[in-house]
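Survey of secondary and tertiary structure
Spelled out from the first residue to the last, the chains are:
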Amino acid sequence: MSLAFEDICEVIKHQIKNYSSTISQDEIGHVIQIGDGIAKVHGVEKCKANELLLFENGSYGMAINLEESYISVVMLGTDVGISEGGLVKCTGQVVSVPVGEDLIGRVVDALGQPIDGKRPIEPAEYRPIERNAPGIIQRKSVSVPLQSGIKAIDSMIPIGRGQRELIIGDRQTGKTVIAVDTIINQKGKDVICIYVSIGQKNSTVAQLVETLEQNGAMEYTIVVSASASELSPLQYIAPYSGCAMAEYFMDKGKDVLIVYDDLSKHAVAYRALSLLIRRPPGREAYPGDVFYLHSRLLERAARVAPEYGGGSITALPIIETQAGDVSAYIPTNVISITDGQIYLESELFHAGVRPAINPGISVSRVGGSAQIKAMKKVSGSLKLLYSQYRELQAFAQFGSDLDADTKSRLAQGERIVEVLKQDRNSPIDVEKQVCIIYAVVNDLLSDIPAEKIKSFESELFDYLSANRPAVLESISETKDLSAETEAELRAAIEACKKQFEG
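Residues numbered from 1 in each chain as written. Predicted model: local features only at pLDDT ≥ 70, side-chain atom pairs only at ≥ 80, totals over all residues. Heavy atoms only, no water.

1. A closer look at the side chain of Asp102
Assignment of secondary structure puts Asp102 in the loop between strand 7 (96–99) and strand 8 (107–108). Among the polar contacts listed, one links the side chain of Asp102 to the side chain of Arg119, at a separation of 2.9 Å. Within the local environment of Asp102, its side chain forms a polar contact with the backbone nitrogen of Glu122, the two atoms lying 2.7 Å apart. For Asp102, the residues in contact, after removing those within four places along its chain, are Arg119, Pro120, Ile121 and Glu122. (Helix = DSSP H or I, 4+ residues; strand = E, 2+ residues; numbered from the N terminus. Polar contact = N/O pair within 3.5 Å; in protein donor to acceptor, adjacent residues only side chain to side chain. Contact = heavy atoms within 4.5 Å.)

Right under this line is the structure:
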C-alpha cells in the first residue's frame, strides 16, 4: 500500500516538474454572408492578403479583399455546411504549394495535390504562389536558344531561354499543338517543362497527358490542371502555382519551360471572382487590375545571371482570340507584356498550312540572338521571301500573264510553304532544319514539284544521316555553317535530288 502511495507521489512530482503553461491564441471571426463561393467574414483584424482561413466544415478560403468592416474570402473548397454566424479561424499562412523534384511526371491540381491516382507527393518545401519577379540586376539578356523543333518557329520566330513568347489565335488553330510539340522537343535537353491547364475539359487534359506519355515527355514534365468544372478561385491561382513550382527549379540553376493554356480563361475566371466580390467593372467588364494580373505572372519568367543561380523560366502564354481580333482587351494587354507573338490564322489552318503561322504579324523581339549561327545564316532572308510570296500571291490571282521573275518567286514561295509545313508531335532537330531551309532559300528545290517536297525532305534527312553524317555533326557541334560544310551540304542536296528523281 505504501509502495503504491510512493509511486503516486513520484508521478505527481514528475508532472509538477515538467509542467509548462502554454496558451494558444487564435484569431477567430464569424461569417456574415456566404454564397456563390464568396464568404464575407467579420472580426479577423490581423488577416493578411492571400492568407488561408479555415472554416467550420474543414474547407479553406483565401482572403482576397481586405475592407474596414469585413474581408471577402474566396472558397478553395465546398461551402456546403457553412452558415451565417459560423466561425472562421486565421491560419497565419498565405496560400502555398508543394514544390520539388517529386512533382515531376505528375498531374496535380491548382493547390499541388495529386489528381493522377498515384502515390502521395513528398515535397522538398512549400512556396507561396505569389513572389516578386527578379529585378533588373538579377537578369541576364536572352542569348541561349530554346529549340521548339518546329521549322517555322525556329527559323523565323526564334524563342530563347528566359523569353516570353505569346501563342495567339482563334480556337482550333493548333495553339496547344505548338506548345506540346515544344515540350516534346525538350527531351534530352535538360529542360523541365510545366504545362498549366486553365478552364480546359478534363478529357482534353487526359488526352494531352497521354500524348506526353507516348512521346516520353512526362519524365520531365509537371501538369497543373484547374479544369472547367473547378471553382473560379482555383482557376485563378493555377498559373501562379505552376510558376512557384518553376521558380524552385530556376533557383537551383535549371532551365524551365512553362506553358499557360490559356490566359483568356484565366482572365474570365478572375473577372467572375471580381464581380462577385463587388469590385467595380471596367472595359469588357474586367476589373481595373486585369493587366497587373498577367504582368506580375509573366514578369516572373526570366533568365537569371550566374551569380544569382543562373537558371531560367521561358513562358509560352496562350491567348484565344474571337474572329481574329487581336485588338481586344486581353490580347492587347498580353501582347504588350510579352517579348513577341506567334499568330495563328484560321484561314491558313483550313487551307492545310499547318502550323498555321502568319509570318507577317508574328514576331520575336529577341530575334537572332536566340538562334544558333547556322540557322541565322540560312534563315536571314526566309521571312522576307515568305512575306513577298504572300503579297505576290494576292496579285497573281488577278493576272494570268506573269513575267519570269514573278513566276520564279511564286514557285520558290510555294516550296517555302511546303517546307514549313509539319505534322503534329514530330519535332525536327535544328541541324536537319538548317539543311532543308538552306535548300529552299538557295532555290535548290525549284526542279522538284511542290507536292513532292515533303517526301523529298524525309529522303534528304535519311540520305544525310546515312551518307553524309559529318554535315549534321558539324552543324550540331559548332552551331555554325562553315564554307566546307556548306559545300558538302550543297553536294549532298544535289546527289539526293538525282537519287530522288531517279
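2. Observations regarding the layout of surface pockets
Approximately 1100 Å³ is the volume attributed to the largest pocket. What lines the largest pocket is a set of 36 residues, among which Gln172, Gly174, Thr176, Val177 and Arg424 lie closest to the centre. Counting only elements with at least two residues in the lining of the largest pocket, the list comes to helix 3 (175–184), strand 11 (191–198), helix 4 (202–214) and strand 14 (312–320). Of the pockets and cavities examined, the second largest pocket occupies roughly 330 Å³. Considering the residues around the second largest pocket, the lining is formed by 15 residues, among which Asn50, Glu130, Tyr236, Tyr292 and Arg296 are closest to the centre. Of all the elements, helix 7 (residues 290–298) adds the most residues to the lining of the second largest pocket, at three residues. Residues of the lining of the second largest pocket, tallied by class, amount to six nonpolar, three polar and six charged. (1 Å grid on protein atoms, 1.4 Å probe; cavity = no way out; pocket = protein on both sides within 12 Å on 5 of 7 lines; lining within 4 Å. Points joined across faces, edges and corners; volume = space filled by probe spheres on them. Nonpolar A, V, L, I, M, F, W, Y, C, P; charged D, E, K, R; others polar.)

3. A word on a nonpolar patch on the surface
A contiguous nonpolar surface patch, about 300 Å² in accessible area, is contributed by Ile8, Ile12 and Ile16. With respect to the helices and strands, the residue Ile12 is situated in helix 1 (residues 2–17). (Patch = residues over 30% accessible without salt bridge, like charges linked within 9 Å, V, L, I, M, F, W, Y side chains within 5 Å. Areas by Shrake-Rupley, 256 points an atom, 1.4 Å probe, with all protein chains shown as cover. Salt bridge = Lys/Arg side-chain N within 4 Å of Asp/Glu carboxyl O.)

4. What to know about helix 3
Within helix 3, eight of the ten residues are buried, which leaves the element mostly enclosed by the surrounding structure. Listing the buried residues of helix 3 in full gives Lys175, Ile178, Ala179, Val180, Asp181, Thr182, Ile183 and Ile184. (Buried < 20%, exposed > 50% of the residue type's maximum accessible area, 1.4 Å probe, protein only.)

5. Section: the sheet that holds strand 12 (residues 221–226)
What the eight strands build is an open sheet, ordered 8-12-11-13-14-10-15-16; its pairing is mixed. What marks the edges here is a single partner per strand, and that holds for strand 8 and strand 16 (363–364). Looking at chain direction, strand 13 (residues 255–261) and strand 14 are connected through six bridges and run parallel. By the bridge assignment for strand 14, Val259 is matched with Leu316. Most of the contacts of helix 3 go to strand 14, to which it runs at about 160°, and overall it touches strand 10 (166–169), strand 11, strand 12, strand 13, strand 14 and strand 15 (340–344). (Pairing = 2+ DSSP bridges. Axes fitted to C-alpha atoms, helices over the stretch in contact; angles between N-to-C directions.)

6. Considerations on the nonpolar core
One finds Ile183, Leu212, Ile342 and Leu445 to be the most contacted residues of the largest nonpolar core, which totals 77 residues. Counting 59 residues, the second-largest nonpolar core is a separate cluster that includes Val95, Met250, Ile258 and Leu297. (Core = buried A, V, L, I, M, F, W, Y, C linked by side-chain atoms within 4.5 Å.)

7. Details of the environment of Ser264
With respect to the helices and strands, Ser264 occurs in helix 6 (residues 263–276). The spacing of Ser264 and Phe456 is 192 residues in sequence and 40 Å in space, taken between C-alpha atoms. Separated by 2.9 Å, the side chain of Ser264 and the backbone nitrogen of Glu320 make a polar contact.

8. A closer look at the pairing of strand 3 (residues 51–55)
Across the five residues that make up strand 3, a large majority, four, are buried. Sheet topology places strand 3 next to strand 6 (residues 87–94); four bridges connect them, and they run antiparallel. Within the sheet, the bridge partner assigned to Leu54 lies in strand 6 and is Lys89. Pairing of strand 3 with strand 4 (residues 60–66), which is carried by three bridges, proceeds in the antiparallel orientation. Bridge assignment links Leu54 to a residue of strand 4, and that residue is Tyr60.

9. As for unusual backbone geometry
Residues Asp261 and Asp262 are joined by a peptide bond in cis, for which omega reads -5°. Mapping Asp262 onto the fold places it in the loop between strand 13 and helix 6. The residue after Arg354, namely Pro355, is reached through a cis peptide bond having omega 0°. As for its position among the elements, Pro355 is in the loop between helix 9 (346–350) and strand 16. We note that Asn50 has phi near 65°; this positive angle belongs to a residue other than glycine. Accessibility expressed as a relative area gives 16% for Asn50, which makes it buried. The phi dihedral of Arg278 is positive, around 65°, even though this residue is not glycine.

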